[in-house]
Amino acid sequence: MKTTFLYKSDPARGRLWAEVFSRRSPDIDFRIWPDIGDPAQVRFLAAWEPPEDLATRFPNLEVLFSSGAGVDQFDFAALPASLPIVRMVEPGIVRGMVEYVTHAVLGLHRDMPQYRRQQQEGLWKPLPVRPAGERRIGVLGLGSLGQAVLAQLVALGFDCAGWSRSRHEVDDVQCHAGADELPAFLARTDILVCLLPLTDSTRGFLDARLFSLLPTSAGLVHVGRGPQLVDADLLAALASGQIGDAVLDVTDPEPLPPEHAFWRHPRIQLTPHIASMTQPLSAAEVVLDNLERFEAGEPMLGLVDRARGY
């Protein structure tokens, strides 16, 4: 019986995956949804939103791959308890996130939002320039993306710290862990970058209390997930000056309704969830590498811990 790998996401990207599979693993029957073939032959599924009733629809499914870096779009309770779930760990995702966050941090560091406002006012007014070493950057989330972002910011000379739920050690970065160490981390952060995964504990994490623990006029770069931000609390923090400027790549919902205050706020730079995108060719290579690990009985990269949610 031939093994089927079913792809259920953007069809244009799926066709690029198909080319990689055809070249590297021609024995695998690669199919793009809704062309599923014989459901009993589907052993592997890559999806952003998997179909309902996986256990009965695909009785021999062995692994579910997320077609993107996140898995918060999955309803774990609706998935078979024994089914391994693997998030996308792909070089293009990392490179894109490093580029976006570096651009956002440098823009805030060099007062680019203020210069844009001055341009609109016809005001020619140079502002003092602070060396990178005097600007304290804090990154929430010390997974692969957070550590890659910090490595680039450290290389640019910024004073960097990171925070996560569990303890990490990162070269040239002050690492903080757990709820007890969060206030100290926030107190030393001039520009806060959120790269946390979306879990029950991070939903609404960026709220008024958190903002109040930052230095006055701190900058915010939010590239985690939209539901982590309490919109009304950010608007209040911007109005009071507690937050100086914010760069938002994620919102809740996406896209925002036309009347939402974020669209036209002078201190918010908004982008449509483009900070980091999976590159289809390298993503397919990564998945095939993981399939080889799976068939050899080795741990797969990006295997999700359901209890943690990532």
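None of the values given here were measured: they were computed from a predicted structure. (Residues numbered from 1 in each chain as written. Predicted model: local features only at pLDDT ≥ 70, side-chain atom pairs only at ≥ 80, totals over all residues. Heavy atoms only, no water.)

Novice: Would you take a moment to explain the pattern of salt bridges for this structure?
Specialist: Under the definition given, this model contains 15 salt bridges. Across the salt bridge formed by Arg 43 and Glu 295, the nearest N and O atoms sit 3.1 Å from each other. Of this pair, Arg 43 sits in strand E3 (residues 42-47) while Glu 295 is found in helix H9 (residues 280-295), placing the two residues 252 residues apart along the sequence. Among the residues examined, Arg 43 registers a relative accessible area of 18% and is labelled buried. Overall, the relative accessible area of 49% leaves Glu 295 in the partly exposed class. Between Asp 245 and Arg 267 there is a salt bridge; the shortest N-O distance is 3.6 Å. Of this pair, Asp 245 sits in strand E11 (residues 243-248) while Arg 267 is found in the loop between E11 and strand E12 (268-270), placing the two residues 22 residues apart along the sequence. Here Asp 245 falls in the buried class, since its relative accessible area comes to 12%. Linked by salt bridges that have partners in common, Arg 23, Arg 24, Glu 285, Asp 289 and Glu 292 make up one network. (Salt bridge = Lys/Arg side-chain N within 4 Å of Asp/Glu carboxyl O. Helix = DSSP H or I, 4+ residues; strand = E, 2+ residues; numbered from the N terminus. Buried < 20%, exposed > 50% of the residue type's maximum accessible area, 1.4 Å probe, protein only.)

Novice: Would you explain the sheet that holds strand E9 (residues 191-194) in this entry?
Specialist: Picture the strands of a sheet paired through backbone hydrogen bonds; they go either parallel or antiparallel. Strands sit in the order E8-E7-E6-E9-E10-E11-E12 across an open sheet of 7 strands; the sheet is parallel. Two strands close off the open sheet at either side, each with one partner strand: strand E8 (174-177) and E12. Here the strands of the sheet are splayed against their neighbours by 15 degrees on average, with no regard to which way each runs. By the bridge criterion, 5 bridges tie strand E10 (residues 218-222) to E11 in an arrangement that is parallel. Bridge pairing links Ala 218 to Ile 243 in E11. (Pairing = 2+ DSSP bridges. Axes fitted to C-alpha atoms, helices over the stretch in contact; angles between N-to-C directions.)

Novice: When you look at the packing of helix H3 (residues 91-109) against helix H5 (residues 144-155) in this model, what are you seeing that I'm missing?
Specialist: The axes of two packed helices give the description: the angle between them and the distance between them. Closest axis-to-axis distance for the H3/H5 pair is 9 Å, and the angle between their directions is 50 degrees. Judged by the inter-axis angle, H3 sits oblique to H5. Crossing angle aside, the handedness with which H3 passes H5 is right-handed. Here H3 contributes Ile 93, Val 94, Met 97, Val 98, Val 101, Thr 102 and Val 105 to the contact with H5, which in turn contributes Leu 145, Ala 148, Val 149, Gln 152 and Leu 153. A class-by-class count of the residues in the contact of H3 with H5 yields 10 nonpolar, 2 polar and no charged. (Parallel < 35°, antiparallel > 145°, perpendicular 65-115°, else oblique. Left-handed = near helix turned anticlockwise from the far one by under 90°. Contact = heavy atoms within 4.5 Å. Nonpolar A, V, L, I, M, F, W, Y, C, P; charged D, E, K, R; others polar.)

Novice: Got a minute to help me understand unusual backbone geometry in this structure?
Specialist: Backbone geometry follows two general trends: most residues other than glycine have a negative phi, and most peptide bonds adopt the trans configuration. Between Asp 252 and Pro 253 the backbone carries a cis peptide bond, its omega angle lying at 0 degrees. Tracing the backbone through its elements, the reader meets Pro 253 in the loop between E11 and E12. Each neighbour pair has its own omega, and for Glu 254 with Pro 255 the value is -5 degrees, a cis peptide bond. Mapped onto the elements, Pro 255 comes out in the loop between E11 and E12. A positive phi angle, close to 65 degrees, is found at Asp 111, a residue other than glycine. If you trace the backbone, Asp 111 turns up in the loop between H3 and helix H4 (112-120).

Novice: Please explain the packing of aromatic side chains as it appears in this structure.
Specialist: We describe a pair of aromatic rings using the distance from one ring centre to the other and the angle between the two ring planes. All chains considered together, the criterion is met by 11 aromatic pairs. Their ring planes at 10 degrees and their centres at 5.7 Å tell us that Phe 5 and Phe 30 sit as a pair that is stacked. Placement of the pair is Phe 5 in strand E1 (residues 4-8) and Phe 30 in strand E2 (residues 29-32), with a sequence separation of 25 residues. Here the aromatic residues Phe 5, Tyr 7, Trp 17, Phe 21, Phe 30, Phe 44, Phe 65 and Phe 294 are joined through ring pairs into a cluster of three or more. Looking at Lys 8, its charged tip hangs above the ring of Trp 33, at a distance of 5.4 Å from the centre. (Phe/Tyr/Trp six-rings, centres within 6.5 Å; stacked < 30°, edge-to-face > 60°. Lys NZ or Arg CZ within 6 Å of the ring centre and 35° of its normal.)

Novice: It is not clear to me how the side chain of Thr 199 should be interpreted in this structure. Could you clarify?
Specialist: Summarising the element assignment, Thr 199 is placed in the loop between E9 and helix H7 (208-212). Look at Thr 199 and you get buried, because its relative accessible area is 11%.

Novice: Would you explain the pairing of E11 in this entry?
Specialist: Within a regular beta strand, the side chains point alternately toward one face of the sheet and then the other, so they alternate between its two faces. The element E11 is extensively covered by neighbouring structure, given that 6 of its 6 residues are classed as buried. For the handedness criterion, the β-α-β arrangement of E10, helix H8 (residues 231-240) and E11 is classed as right-handed. As judged from the 3 bridges shared by E11 and E12, these two strands associate in the parallel manner. Across the sheet, Ala 246 pairs through a bridge with Ile 268, a residue of E12. (Right-handed = clockwise from strand over helix to strand, strands pointing away.)

Function cannot be read off these values alone, since they describe shape.
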